[in-house]
Amino acid sequence: MTTVAIRPEQTKDAIAAALGDKVRQLSIALGEVTLVVAAADYLAAMQALRDAEGCRFEQLVDLCGVDYSTYGEVGTEGPRYCVVSHLLSVSLNQRVRVKVFCPDDDFPVVASVSDLWNSANWYEREAFDLYGIVFDGHNDLRRILTDYGFIGHPFRKDFPLSGHVEMRYDAEQRRVVYEPVTIEPREITPRIIREDKYGGLH
C-alpha cells in the first residue's frame, strides 16, 4: 500500500477543523505546518491531533525547550519559555510543529503529553533538566543529563558558560567532590592568516 503525501495546506485545514478555537496561530513555513496553542489548551489540543480523523499524528518525533529571553533585544516581547513538539502522521504522511509558551517565566509549567506518546517521557525530562520547564502530570520528572546535585539549568541563556561548580574525583577522600569553578574566562582571538596563497588559496 502506498501512502500519498497530504499537502501542507490540507494538513493546516484539517488541524483548524479539529482544534477550532484552541488555535492561537496556524501557519505554513518551509513546507511544514506550525501550530501555536495556549498552555491551558495544550493537552486537549495534542490529544485531538493524535485522535482526530484528519490529523492522526501517531508519533511524537521530538520535543524540546526554547529560551526566548533575548528576543526583547530584537523587538519581540512575550513569554520566555516555550515547548516545541514535532508530530508525524505515518498513515497520512504529514507533519506538524506545535509550540506552546509557558505563561509564567518564574515557574514555567505546561502539561505532560507522556501519556499520549511514550516517547515524550525522556524528551520532557531533558527539557526539564536543561531549561527548568516543569511538565505537569509526568510520572518521573527528574534530571536525565546532568548530575543529581547539579544546580541550575544549563541551556537557559542566563546560565554561565563555565557553570557554577566543578566536580572531580579526590583520591585522598575516595569520593567525588564539588568545588567552585576555577576556569578563568579568556578572550579568544581568531587566527588571521596574512600570507599570500596560503594552502593554495588565491
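About the cut-offs
Residues numbered from 1 in each chain as written. Predicted model: local features only at pLDDT ≥ 70, side-chain atom pairs only at ≥ 80, totals over all residues. Heavy atoms only, no water. UniProt positions renumbered as here; feature names shortened; annotations may be inferred. Phe/Tyr/Trp six-rings, centres within 6.5 Å; stacked < 30°, edge-to-face > 60°. Helix = DSSP H or I, 4+ residues; strand = E, 2+ residues; numbered from the N terminus. Buried < 20%, exposed > 50% of the residue type's maximum accessible area, 1.4 Å probe, protein only. Expected span 1.5 Å × (residues − 1). Contact = heavy atoms within 4.5 Å. Salt bridge = Lys/Arg side-chain N within 4 Å of Asp/Glu carboxyl O. Pairing = 2+ DSSP bridges. Axes fitted to C-alpha atoms, helices over the stretch in contact; angles between N-to-C directions. Core = buried A, V, L, I, M, F, W, Y, C linked by side-chain atoms within 4.5 Å.

An unreviewed UniProt entry lists the protein chain under the name NADH-quinone oxidoreductase subunit C, with Paenacidovorax monticola as the source organism. Word for word, the UniProt comment on the protein chain under Subcellular location (unreviewed entry) is "Cell membrane". Recorded under Catalytic activity (unreviewed entry), the UniProt text for the protein chain is reproduced unchanged: "a quinone + NADH + 5 H(+)(in) = a quinol + NAD(+) + 4 H(+)(out)".

Enquirer: How should I be thinking about the packing of aromatic side chains in this particular structure?
Expert: Centre distance and the angle of the planes are the two values used to describe a pair of aromatic rings. Taken as a whole and assessed by the stated rule, the structure comprises two aromatic pairs. Aromatic side chains Tyr68 and Phe101 sit 5.6 Å apart centroid to centroid with 40° between the ring planes, which places their arrangement in the tilted category. With Tyr68 in the loop between strand S3 (59-67) and strand S4 (81-89) and Phe101 in strand S5 (residues 94-101), this pair connects stretches of sequence that are 33 residues apart. Taking the relative accessible area as the measure of exposure, Tyr68 reaches 13% and is therefore buried. Look at Phe101 and you get partly exposed, because its relative accessible area is 26%. When the centroid spacing of 5.8 Å and the interplanar angle of 85° are considered together, the rings of Tyr131 and Phe155 count as edge-to-face. One end of the pair, Tyr131, is in helix H3 (residues 120-131); the other, Phe155, is in the loop between strand S7 (134-136) and strand S8 (165-170), with 24 residues separating them in the sequence.

Enquirer: I keep staring at helix H1 (residues 8-19) and nothing clicks. Help me out?
Expert: Since the α-helix turns once every 3.6 residues, residues separated by three or four places project in the same direction. The first and last C-alpha atoms of H1 sit 16 Å apart over twelve residues, in line with the 16 Å expected at 1.5 Å per residue. Among the structural elements, strand S1 (23-29), strand S2 (32-37), helix H2 (42-51) and S5 are those in contact with the buried residues of H1. Gly20 occupies a position one or two residues after H1 and carries a positive phi of about 60°.

Enquirer: For this particular structure, what's the right way to read the pattern of salt bridges?
Expert: Opposite charge on two side chains permits pairing when their charged atoms draw close. Following the criterion strictly, the structure yields ten salt bridges and no others. Two residues, Arg80 and Asp158, come together in a salt bridge whose shortest N-O distance is 3.3 Å. Taken as a pair, Arg80 in the loop between S3 and S4 and Asp158 in the loop between S7 and S8 lie far apart in primary sequence, 78 residues in all. Overall, the relative accessible area of 54% leaves Asp158 in the exposed class.

Enquirer: When you look at the sheet that holds S3 in this model, what are you seeing that I'm missing?
Expert: In any sheet, the strands associate via hydrogen bonds between backbone groups, in a parallel or an antiparallel arrangement. Here we have five strands laid out as an open sheet, ordered S1-S2-S5-S4-S3, and mixed in their pairing. Since the sheet does not close on itself, it has two edges, and those belong to S1 and S3, each with one partner. Ignoring which end each strand starts from, the neighbouring axes of this sheet average 20° apart. Packed onto the sheet, H1 meets S1, S2 and S5 and runs at close to 175° relative to S1. Helix-sheet contacts for H3 involve S3 and S4, and the interaxial angle to S3 is about 5°.

Enquirer: I'm lost on the nonpolar core in this one. Help?
Expert: The nonpolar side chains of a soluble globular protein tend to be buried with one another. Residues Ile15, Tyr42, Met46 and Leu49 are the most contacted members of the largest nonpolar core, which totals 34 residues. For this core, the elements supplying multiple residues, two or more each, are H1, S2, H2, S3, S4, S5, strand S6 (109-111) and H3. Per element, the largest residue contribution to this core is five residues, and it comes from H2. Apart from the residues lying within four places of it in its own chain, the contact partners of Tyr42 are Val37, Leu63, Val83, Ser85, Val98, Val100, Val110, Ala111 and Val113.

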